[in-house]
Amino acid sequence: QVQLVESGGGLVQAGGSLRLSCAASGRTFSRYAMGWFRQAPGKEREFAAAISWNGGRTYYPDSVEGRFTISRDNAKNTVYLQMNSLKPDDTAVYYCAAGLVVSGYFTHASEYNYWGQGTQVTVSS
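To start, this report covers the structure provided alongside it.

About the cut-offs
- Residues numbered from 1 in each chain as written.
- Predicted model: local features only at pLDDT ≥ 70, side-chain atom pairs only at ≥ 80, totals over all residues.
- Heavy atoms only, no water.
- Helix = DSSP H or I, 4+ residues; strand = E, 2+ residues; numbered from the N terminus.
- Rg over C-alpha atoms; globule rule 2.2 N^0.38 Å.
- Buried < 20%, exposed > 50% of the residue type's maximum accessible area, 1.4 Å probe, protein only.
- Lys, Arg positive; Asp, Glu negative; His and termini not counted.
- Charge placed at Lys NZ, Arg CZ, Asp CG, Glu CD.
- Pairing = 2+ DSSP bridges.
- 1 Å grid on protein atoms, 1.4 Å probe; cavity = no way out; pocket = protein on both sides within 12 Å on 5 of 7 lines; lining within 4 Å.
- Points joined across faces, edges and corners; volume = space filled by probe spheres on them.
- Nonpolar A, V, L, I, M, F, W, Y, C, P; charged D, E, K, R; others polar.
- Phe/Tyr/Trp six-rings, centres within 6.5 Å; stacked < 30°, edge-to-face > 60°.

Some thoughts on the overall build of the chain
Along the chain, the regular secondary structure elements total 0 helices and 11 strands. Listing every helix and strand of the chain by position from the N terminus yields β-β-β-β-β-β-β-β-β-β-β. Here the chain has a C-alpha radius of gyration of 13 Å; the compact-globule value for 125 residues is 14 Å, and the two agree. Within the chain, the proportion of its 125 residues that are buried is 46%. One finds the centroid of the 11 positive side-chain charges in the chain at a distance of 8 Å from the centroid of its 9 negative side-chain charges.

Things to note about the pairing of strand S4 (residues 32-39)
Among the 8 residues of S4, 7 are classified as buried, and the element is accordingly described as predominantly covered. Two elements, S4 and strand S9 (residues 92-100), share 8 bridges in a ladder whose sense is antiparallel. Residue Met34 lies in a different strand from S9, and its bridge partner there is Ala98. Across 5 bridges, S4 lies against strand S5 (residues 46-51) in antiparallel orientation. Residue pairing in the sheet places Arg38 in a bridge with Glu46 of S5. Where S4 hands over to S5, the hairpin turn is made up of 6 residues, of which Gly42 adopts a positive phi near 80°.

Some thoughts on the layout of surface pockets
If you add up the space inside the largest pocket, you get close to 210 Å³. If you trace the largest pocket, you find 14 residues lining it, with Arg38, Lys43, Glu46, Asp89 and Asp90 closest to the centre. Across the lining of the largest pocket, the residue classes break down as 3 nonpolar, 3 polar and 8 charged.

Digging into the packing of aromatic side chains
Taken as a whole and judged by the stated rule, the model has 8 aromatic pairs. Between Phe37 and Trp115 the ring centres are 5.1 Å apart and the planes differ by 55°, which places this aromatic pair in the tilted class. Taken together, the residues Phe37 in strand S4 and Trp115 in strand S10 (residues 114-115) connect sequence positions 78 residues apart. Look at Phe37 and you get buried, because its relative accessible area is 2%. Classification of Trp115 by relative accessible area gives partly exposed; the value is 27%. On the basis of an interplanar angle of 20° and a centroid distance of 6.0 Å, the ring pair of Phe47 and Tyr59 is categorised as stacked. One end of the pair, Phe47, is in strand S5; the other, Tyr59, is in strand S6 (residues 58-59), and 12 residues separate them in sequence.

This is how it looks when you write it as structure tokens:
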């Protein structure tokens, strides 16, 4: 069992930056690929970033490529999402997720086993 707790959300002006953190419980954090998803009001949850168990591989959709960076510190059981050049369209609840993996990462929500409660990110224009 893995419990995930996100933090770092808030209100920021367009062009600004935020760093989200996701702290995981348990001693097997390094066995999990981690991902960030987001869901805006009235929209489906969408993939935002993914990282492999050792941080060696990352993947982003075109909508955030070059602006978001996912990273992890397995010693601290924490995954991060650095978000730069934020736009109003980035406004959403951001969720971190953990998926048990042998190698690689996942880009679909159905592939993840555990989810955090979410943290709100609001970008004003």
